[in-house]
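Single-letter residue listing:
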Amino acid sequence: MKNVVVLTGAGISAESGISTFRDTGGLWEQYDIREVATYEGWLKNKELVTDFYNQRRKQLLEVEPNYGHIGLAELEKQFKVFVITQNVDNLHERAGSSFVMHLHGELTKVRSEKYEQLIYELTPDKYEVKIGDVCEKGYQLRPHIVWFGEAVPMIEQAIEITQKADILVVIGTSLNVYPAAALVDFINQGTPVYLIDPNEVSINRKNVHVIKKNASEGVKILTDILLKEYIQ
Ligand code: OAD
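Predicted, not measured: the structure shown is a model, and the values here were computed from it.

Asks: Help me understand the site of the ligand, please; the structure alone is not making it clear to me.
Replies: Surrounding the ligand, one finds 24 residues, the nearest of these being Arg22, Thr173, Ser174, Asp197 and Asn199. A distance of 2.8 Å is found between an oxygen atom of the ligand and a backbone nitrogen or oxygen belonging to Phe21. Backbone polar atom of Gly172 to an oxygen atom of the ligand: 3.2 Å apart, as the coordinates give it. Here the ligand, which alone exposes 800 Å², has 93% of that area covered by the protein. In this structure, the ligand is accommodated by the largest pocket. A breakdown of the residues in the shell around the ligand according to their chemical character gives 10 nonpolar, 10 polar and four charged. Each of domain 1 (1-18 + 65-104 + 153-232) and domain 2 (19-62 + 109-145) contributes no fewer than three residues to the shell around the ligand.

As C-alpha cells, then:
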C-alpha cells in the first residue's frame, strides 16, 4: 500500500461549523492571540484562557465530522493514511481515521501546568475545566495546546512520517504557522502534492496539483484521482 500523508488545518473542519483562524470572521479576528494562545496570556489571566478553551470544547461537542474527514478515513481501504493535523478538534478520530497526529495539541486533554507529562483526558460529560482543578501533584490544569512561542513536541515524528510519503495531501491550511508549514519541505523530490483549499495558498514545491474546492468536495475529487492513478 502507498503511504498517503495528509497535513490538515482549520479549513477541513470549517464545513463542520468550526471557524478557521485567519479567514474573514476567523477566530483571530475575534480574539487576541496574545491573550488566549500564549503562555504569557495564561500567566496574565488563567480564567480568561480557561474559559476560551471551555467554549471551544463545548462547540466541539455540538459539531460532527464532514465528508472531508470521512473521505480521508475511507481512503484507508486502499492506502496507508497518516493524518498530521494542526487542529485541536477530534473530528478526524470521530470520522474513523486510525492514525492521527496532533501537532498543536488536543482540546479534549488538559495537563499540569508544572509537570507536562501529567496529561488527563476530559470526557463529554465533564469537559469544563475550572480554576482550582489541579493535577495529582496539586498544580493547576492548563489546556493541552501548543501555544505560540511554545515548542512543538511532535515535530520530529511528523518529519519522519512526511519523509516516507509517496503522496502528500495538504488540506485547509494557510501554511502560515511554523514548524508545521515546513513539513512540506521534507517530502522527496518528485513526490506529488495535492492541495485542497478554496482559496489561494502559496506552496513552494514542484508537482503540486491544486484542487480549488472546499474540503468535502475536494476530498471526493482527490479520492477519484488517487484511485485512478494508483489502484485501478
Ligand atoms: P488558517 O485559518 O490560517 O487557514 C485556514 C485555511 O483553510 C485557509 O487557507 C482557508 O482558505 C482554508 N479554508 C477555509 N474554508 C475551507 C473549507 N471549507 N475547506 C477547505 N479549506 C478551507 O488555519 P491553519 O492553517 O490551520 O494554532 O492555522 C494554523 C495554526 O494557526 C492553527 O493550528 C492554530 C492557529 O493559530 C494554534 O492554535 C497553536
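Additional details are given in the paragraphs that follow.
Asks: For this particular structure, what's the right way to read the sheet that holds strand E9 (residues 208-211)?
Replies: Within a sheet, neighbouring strands are paired by backbone hydrogen bonds and run either parallel or antiparallel to one another. Taken in spatial order, the six strands of this open sheet run E3-E2-E1-E7-E8-E9, and their pairing is parallel. In the strand order of this sheet, the two ends are held by strand E3 (100-102) and E9, each with one partner. For this sheet, the mean angle separating the axes of adjacent strands, direction not counted, is 20 degrees. One ladder, built from three bridges, connects strand E2 (residues 80-85) with E3; its direction is parallel. Across the sheet, residue Thr85 finds its bridge partner in E3, namely His102. Those strands touched by helix H8 (residues 155-163) are strand E1 (3-8), E2 and E3, and its axis lies near 145 degrees from that of E2.

Asks: What should I look at first to understand the sheet that holds strand E4 (residues 105-112) in this one?
Replies: In spatial order, the strands read E5-E4-E6; together these three strands make up an open sheet with antiparallel pairing. Whereas interior strands pair on both sides, the edge strands pair on one side only; in this sheet they are strand E5 (119-121) and strand E6 (141-145). Strand-to-strand, the axes of this sheet are offset by a mean angle of 45 degrees, without reference to chain direction. When E4 meets E5, the two strands line up antiparallel, connected through three bridges.

Asks: How should I be thinking about the pattern of salt bridges in this particular structure?
Replies: When charged atoms on two side chains of opposite charge get close, those side chains can pair. Scanning all chains against the criterion turns up eight salt bridges. Between Arg94 and Glu64 there is a salt bridge; the shortest N-O distance is 3.9 Å. Pair noted here: Arg94 is in helix H7 (residues 91-95) and Glu64 is in the loop between helix H5 (46-62) and helix H6 (67-74), with a separation of 30 residues, a long-range link. Residue classification places Arg94 among the partly exposed positions, given a relative accessible area of 36%.

Asks: Can you walk me through the packing of aromatic side chains in this structure?
Replies: In this description, an aromatic ring pair is defined by two values, namely the gap between the centres and the angle between the planes. Under the criterion given, the structure shown has 10 aromatic pairs. Taking 6.5 Å as the distance between ring centres and 20 degrees as the angle between the ring planes, the aromatic pair formed by Trp28 and Phe52 counts as stacked. Within this pair, whereas Trp28 is found in helix H2 (residues 27-30), its partner Phe52 is found in helix H5, the two being separated by 24 residues in sequence. Residue class for Trp28 comes out buried when judged on its relative accessible area of 19%.

Asks: Is there a simple way to explain the nonpolar core in this structure?
Replies: One recurring pattern in soluble globular proteins is that nonpolar side chains are buried together. Core analysis: the biggest nonpolar cluster contains 24 residues, and Val5, Ile84, Leu103, Leu168, Val170, Leu175 and Leu183 have the highest contact counts within it. Looking at this core, the elements that each hand over two or more residues are E1, E2, H8, strand E7 (167-171) and strand E8 (193-196). At four residues, H8 tops the list of elements feeding residues into this core. In this view, Leu175 contacts Leu7, Val170, Ala181, Val201, Ser202 and Ile203; residues no more than four positions away in its chain are not counted. Judged by nonpolar contacts, the second largest core, of 20 residues, contains Ile167, Ile196, Ala215 and Leu227.

Asks: Would you explain the layout of surface pockets in this entry?
Replies: The method is simple in principle: a probe with the dimensions of a water molecule rolls over the atoms, and the space it marks as empty is what remains. Volume-wise, the largest pocket comes out at about 910 Å³. Lining the largest pocket are 49 residues, and of these Ala10, Thr20, Phe21, Arg22 and Asn87 sit closest to its centre. No other element matches H5, which puts five residues into the lining of the largest pocket. Residues from two domains meet in the lining of the largest pocket; each of domain 1 (1-18 + 65-104 + 153-232) and domain 2 (19-62 + 109-145) gives at least three. The volume enclosed by the second largest pocket comes to roughly 360 Å³. Considering the residues around the second largest pocket, the lining is formed by 17 residues, among which Arg111, His144, Val146, Pro153 and Met154 are closest to the centre.

Scoring rules and cut-offs
Residues numbered from 1 in each chain as written. Predicted model: local features only at pLDDT ≥ 70, side-chain atom pairs only at ≥ 80, totals over all residues. Heavy atoms only, no water. Near = heavy atom within 4 Å. Polar contact = N/O pair within 3.5 Å; in protein donor to acceptor, adjacent residues only side chain to side chain. Areas by Shrake-Rupley, 256 points an atom, 1.4 Å probe, with all protein chains shown as cover. 1 Å grid on protein atoms, 1.4 Å probe; cavity = no way out; pocket = protein on both sides within 12 Å on 5 of 7 lines; lining within 4 Å. Sits in = over half its atoms within 2 Å of the grid points. Nonpolar A, V, L, I, M, F, W, Y, C, P; charged D, E, K, R; others polar. Domains from an automatic or database assignment. Pairing = 2+ DSSP bridges. Helix = DSSP H or I, 4+ residues; strand = E, 2+ residues; numbered from the N terminus. Axes fitted to C-alpha atoms, helices over the stretch in contact; angles between N-to-C directions. Contact = heavy atoms within 4.5 Å. Salt bridge = Lys/Arg side-chain N within 4 Å of Asp/Glu carboxyl O. Buried < 20%, exposed > 50% of the residue type's maximum accessible area, 1.4 Å probe, protein only. Phe/Tyr/Trp six-rings, centres within 6.5 Å; stacked < 30°, edge-to-face > 60°. Core = buried A, V, L, I, M, F, W, Y, C linked by side-chain atoms within 4.5 Å. Points joined across faces, edges and corners; volume = space filled by probe spheres on them.

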